[in-house]
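# Working through the structure, step by step
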Amino acid sequence: MTINVGDLVRCQANEMMTEPYLGKVLEKCEETVHVLILNYMPNDRFIVHELMQQIIVNSQQICRVSLTRVAG
């Protein structure tokens, strides 16, 4: 699955973040992706603040999120 700038992604926990989180791709390089952190677990709030809501992650640690509307 190809990741593009502007995609919503789910990122795995890593050495900085203790829990998975959601973000938006700001920039894509060869093996890394610059992500704006949008939704995270409360126990990661201090690190997200320190990172100014942005993180660079390995592209293998993310997957694209598709938003679909469920008819009800």
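In case you missed it, the structure is sitting above this.
Notes on the structure in this doc start here. Keep in mind that this is a model prediction, so the values were computed, not measured. Starting from 1, residues in each chain are numbered consecutively following that chain's sequence as written. Residue-level local features of this predicted model are given only where pLDDT is at least 70; pairs of side-chain atoms are given and counted only at 80 or more, and the full residue set underlies all totals for whole chains, interfaces and linings. Side-chain calculation: all heavy atoms of the structure are included, whereas hydrogens and water are not.

### Some thoughts on the overall build of the protein
If you tally the helices and strands in the protein, you get one helix and five strands. The helix count covers DSSP runs of H or I at least four residues long, the strand count covers runs of E at least two residues long, and both are numbered beginning at the N terminus. Starting at the N terminus, the α and β elements of the protein follow one another as β-β-β-α-β-β. Within these notes, the globule rule equals 2.2 Å times the number of residues to the 0.38 power, and the radius of gyration is based on C-alpha atoms. Computed over C-alpha atoms, the radius of gyration of the protein comes to 12 Å, within 12% of the 11 Å expected from 2.2 N^0.38 for 72 residues, which places it in the range of a compact globule. With the C-alpha coordinates of the protein rotated into their principal frame, the extents come out at 40 × 35 × 15 Å. Exposure is judged per residue with a 1.4 Å probe applied to protein chains only, and the accessible area is read against the type maximum: over 50% gives exposed, under 20% gives buried, and values in between give partly exposed. The 72 residues of the protein split such that 25% are buried.

### Structural notes on the pairing of strand 1 (residues 8–11)
Burial along strand 1 is one-sided: Val9 and Cys11 are buried, while Leu8 and Arg10, pointing the other way, are not. In this structure, strand 1 lies alongside strand 2 (residues 21–28), joined through four bridges in antiparallel fashion. Across the sheet, Arg10 pairs through a bridge with Leu22, a residue of strand 2. Note on pairing: DSSP must find at least two bridges between two strands before they are called paired. Pairing of strand 1 with strand 5 (residues 62–64) involves three bridges; the strand directions are antiparallel. Paired with Val9 across the two strands is Arg64, which belongs to strand 5.

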